[in-house]
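# Topology and contacts: notes
As a plain string of letters, each chain reads:
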Amino acid sequence: MRWTNSKPEHKLAVIGDSISQGFQNGGIYRTDLSFPAFLNRCFEPVPDFNQPLFTAQGGIPLNLEVLLRGLADQYGDTLEWHEYIPACTHLFSTLKRIKRYWEGTPALLARNGYSFPYHNQSVWGFAMNDAWMITERTSRKFIENYKETYSIFSVLPDHAMYTTARMVLNPVLSEQFADHTMLDNINYLQQNGGIENLIVTMGHNNIIGAVTDLRFQYSEDYDLEAMPSERNYTVYRPEHFELEYRKLAERVSRVGAQRVITQTIPYVTIPPVTRGVNEDLSRPKRGYFDYYTRFWVWDNDFDPDRHPHLTKDEAIRLDQLVDIYNKIIRDVSREYGWIVVPLNRYVNAIARRRHGGTTYLPYPEDFKEALKRNPATEHLVDGGGEPTLSTNYLRIDEETGKVRKGGIFSLDGIHPGTIGYGLIAHVYYKTMKEHGVEFDKPLDWDYIIKNDTLVTHPPYLLVELRKVLRLLSLGRQERILRIGGNILQQLMSLFSKPARPVKETKRLRDSRL
């Protein structure tokens with residue numbers, strides 16, 4: 001790592017994926033609610049921390065919270081059975097509008113007048129090798145050669161990840177940055193002012209596909225050089241993970257940022273994107289379930305012969321692989337002098353469901369006080385002064401309309417909500433401070449909690465969670481009426497494989513040469 005004596009101009013920069021971009025509820029929407037943005041607010045004066053804007057149409061590829069609020073505006077706080085089919089029609093009309101916007105004229109997506117790369121170079125769906133493989137030009141060529149499809153069974157933007165990549169890697173869609181990767185852009189910032197703190201959060205997408213696709217398939221050698229659309233793995237072999245992480249570390253080290261901060265990867269079996277089911281339908285207080293299926297499949301409905309699932313042995317193996325990955329991250333980081341944020345240890349410690357309702361690490365005191373100060377969240381602190389938030393899927397109390405379970409993860413089941421990102425920022429803040437980073441202010445928990453509208457003002461429709469999830473996943477009755485495909489399934493497919501198969505990927509890759 002190259003250290004500089006002069007004071008860097010750029011206080012904070014990021015190379016990352018959905019976690020550092022602030023992805024939640026099925027899409028990237030408000031990047032100002034990402035954990036790096038929360039950290040940046042702790043410096044005084046608040047330095048520039050530029051990020052792309054995705055607020056149009058509620059975000060890309062979709063925003064489940066905004067979608068449910070739109071349904072509530074149309075049909076009220078409850079959804080009667082006779083409104084079910086009209087609600088589906090309204091839903092697909094909304095999704096069609098969103099799809100047409102994000103697949104419309106590229107010029108509309110350009111951020112005119114912005115001539116510098118963003119400080120936050122994060123793109124959801126990116127695996128480690130995408131940091132040096134994907135450019136705005138390759139993304140554009142893919143979109144041009146594989147036109148979007150319009151079908152009642154394909155309601156989400158076809159090229160959502162590539163559209164996002166274009167907006168992050170080349171904001172004005174100019175020729176100057178057309179062939180820049182996120183690493184190239186970070187190097188540009190280093191050469192034009194210098195970077196004091198560089199956060200690197202990659203590796204999640206090298207294993208997350210196992211729980212979003214419910215398929216355990218190891219990577220092969222060709223996956224390391226393949227474009228995203230050519231890959232078929234859901235889990236990286238440990239030797240592949242080490243090889244790619246070392247490549248990433250070497251490239252990041254050549255940038256020469258003053259300080260590099262990375263993190264361990266949380267267990268992918270913790271988020272409520274999967275629903276644990278036992279053969280006898282029991283709910284054990286701790287340990288692993290016999291099966292892990294979709295979060296919208298209820299225990300009594302689950303059929304291992306019909307529903308996709310992971311087995312207990314596969315879930316255990318996934319956790320073991322994460323442990324191996326994290327040892328690689330710690331070992332390589334030690335070699336390069338990086339700071340490692342123990343995110344996996346913290347997320348595991350607050351996973352009540354995994355530990356029989358117990359948390360093993362305390363929540364920050366200022367977070368507890370902020371919860372108690374906010375009338376919309378004061379009920380989430382128990383008599384002993386401890387928060388009752390959990391890693392369960394969000395549940396709403398019928399009488400009060402307030403959150404009674406969950407609150408850390410968003411509605412897509414895999415990404416944190418705003419409070420969840422605040423807790424990630426807390427672990428980063430604490431670790432960075434221990435390693436000499438001088439923050440001027442504490443995290444603004446009042447601001448973070450106020451902006452978590454899913455927790456402070458949840459859509460009342462979520463009281464009938466089973467009915468809502470059935471609407472979004474389209475049960476058998478709705479499929480008979482042929483009004484569309486499973487929205488939630490399409491979303492999971494985007495997370496596990498963000499592009500359709502491509503025959504001409506080699507030509508697109510060669511276009512960079």
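Let me sum up the structure you'll find in this document. (Residues numbered from 1 in each chain as written. Predicted model: local features only at pLDDT ≥ 70, side-chain atom pairs only at ≥ 80, totals over all residues. Heavy atoms only, no water.)

Our focus in this paragraph is the overall build of the protein chain. Across its full length, the protein chain holds 20 helices and 12 strands. Counting across all 513 residues of the protein chain, residues that qualify as buried make up 61%. When contacts within the protein chain are restricted to residue pairs at least 6 apart in sequence, long-range pairs at least 24 apart make up 74% of them. Accessible area of the protein chain: about 20400 Å², with a carbon and sulfur share of 49%. (Helix = DSSP H or I, 4+ residues; strand = E, 2+ residues; numbered from the N terminus. Buried < 20%, exposed > 50% of the residue type's maximum accessible area, 1.4 Å probe, protein only. Contact = heavy atoms within 4.5 Å. Areas by Shrake-Rupley, 256 points an atom, 1.4 Å probe, with all protein chains shown as cover.)

For the rest of this paragraph, the subject is the packing of aromatic side chains. Using the criterion set out here, one finds 21 aromatic pairs in the structure. Seen from their ring centres, tyrosine 245 and tryptophan 338 are 6.4 Å apart, and the 65° between their planes marks the pair as edge-to-face. Taken together, the residues tyrosine 245 in helix H10 (residues 238-255) and tryptophan 338 in the loop between helix H11 (312-336) and strand E10 (339-341) connect sequence positions 93 residues apart. Judged by its relative accessible area of 8%, tryptophan 338 falls in the buried class. In this arrangement the basic side chain of arginine 251 is found over the ring face of tryptophan 132, its NZ or CZ atom lying 4.4 Å from the centre. (Phe/Tyr/Trp six-rings, centres within 6.5 Å; stacked < 30°, edge-to-face > 60°. Lys NZ or Arg CZ within 6 Å of the ring centre and 35° of its normal.)

Glancing now at the environment of glutamine 121. Within the secondary structure, glutamine 121 is located in strand E4 (residues 120-122). For the pair glutamine 121 and proline 52, spaced 69 residues apart in the sequence, the C-alpha separation amounts to 9.3 Å.

Another point: the sheet that holds strand E6 (residues 259-263). With parallel pairing, the five strands of this open sheet are ordered in space as E4-E1-E5-E6-E10. Every other strand in the sheet has two partners, leaving E4 and E10 as the edge strands with one partner each. In this sheet, neighbouring strand axes are inclined to one another by 20° on average, regardless of whether the strands run parallel or antiparallel. As judged from the three bridges shared by strand E1 (residues 10-16) and E4, these two strands associate in the parallel manner. Across the sheet, glycine 16 pairs through a bridge with serine 122, a residue of E4. Packed onto the sheet, helix H8 (residues 182-191) meets E1, E4 and strand E5 (195-201) and runs at close to 170° relative to E1. Along the sheet face, H10 touches E1, E5 and E6 and points at about 165° away from the line of E5. (Pairing = 2+ DSSP bridges. Axes fitted to C-alpha atoms, helices over the stretch in contact; angles between N-to-C directions.)

What follows is about unusual backbone geometry. Excluding glycine, most residues fall at negative phi; most peptide bonds, likewise, are trans. Cis geometry marks the peptide bond from glutamate 44 to proline 45; its omega dihedral reads -5°. Structurally, proline 45 is set in the loop between helix H2 (35-40) and strand E3 (60-61). The omega angle of the peptide bond from isoleucine 60 to proline 61 is 0°, so this bond is cis rather than trans. Among the secondary structure elements, proline 61 is positioned in strand E3. Non-glycine residue glutamine 57 carries a positive phi angle of around 60°. Looking at where glutamine 57 falls in the secondary structure, it is placed in the loop between H2 and E3. Glutamine 57 gets classed as partly exposed once you look at its relative accessible area, which sits at 26%.

Moving on, we come to the environment of lysine 312. Following the sequence through the fold, lysine 312 ends up in helix H11. As a C-alpha pair, lysine 312 and glycine 287 span 25 residues in sequence and 9.8 Å in three-dimensional space. Apart from the residues lying within four places of it in its own chain, the contact partners of lysine 312 are Tyr288, Phe289 and Asp290.

As a further point, take helix H3 (residues 64-75). Taking 1.5 Å of rise per residue, 12 residues should cover 16 Å, and H3 covers 16 Å from first to last C-alpha, within 8% of that figure. Among all positions in H3, only Leu64, Glu65, Leu67, Leu68, Leu71, Ala72 and Tyr75 are buried. Buried residues along H3 cover an arc of 160° about the axis, so they all sit on one side. Check the buried side of H3 and you find it contacts helix H4 (84-102), helix H16 (453-456), helix H17 (465-473) and helix H19 (487-496). N-cap assignment for H3: the residue whose side-chain oxygen lies 3.1 Å from the backbone N of glutamate 65 is asparagine 63. Following H3 by one or two positions, glycine 76 has its phi on the positive side, about 90°. (Expected span 1.5 Å × (residues − 1). Arc of directions from axis to C-beta. Polar contact = N/O pair within 3.5 Å; in protein donor to acceptor, adjacent residues only side chain to side chain.)

A few words now on the side chain of serine 333. Note on placement: serine 333 falls in helix H11. Excluding anything up to four places from it in sequence, serine 333 contacts Tyr245, Thr262, Trp338 and Val340.

The strand order across the open sheet formed by three strands is E7-E8-E9, and the pairing between neighbours is antiparallel. Here the strands that pair on one side only, and so sit at the sheet edges, are strand E7 (274-277) and strand E9 (310-311). Bridge count between E7 and strand E8 (residues 291-294): four bridges; the pairing is antiparallel. Paired with arginine 275 across the bridge in E8 is threonine 293.

This part takes up the pattern of salt bridges. For the structure shown, the criterion picks out 30 salt bridges. The salt bridge involving arginine 41 is made with aspartate 444; its shortest N-O contact spans 3.4 Å. Here the residue arginine 41 occupies a position in the loop between H2 and E3, and aspartate 444 occupies one in the loop between helix H14 (418-434) and helix H15 (445-450), the gap between them amounting to 403 residues. By relative accessible area, aspartate 444 is classed as partly exposed at 34%. Here glutamate 175 ties to arginine 137 by a salt bridge, and the two come within 2.4 Å at their closest N and O atoms. One end of the pair, glutamate 175, is in the loop between helix H7 (160-169) and H8; the other, arginine 137, is in helix H6 (residues 136-145), and 38 residues separate them in sequence. A relative accessible area of 56% places glutamate 175 in the exposed class. (Salt bridge = Lys/Arg side-chain N within 4 Å of Asp/Glu carboxyl O.)

This paragraph deals with H6. Every α-helical turn comprises 3.6 residues, leaving residues that sit three or four positions apart pointing alike. Among the 10 residues of H6, seven are classified as buried, and the element is accordingly described as predominantly covered. Residues Glu136, Arg137, Thr138, Ser139, Arg140, Phe142 and Ile143 constitute the buried set of H6. With a side-chain oxygen lying 3.3 Å from the backbone nitrogen of arginine 137, the N-terminal cap of H6 falls on threonine 135.

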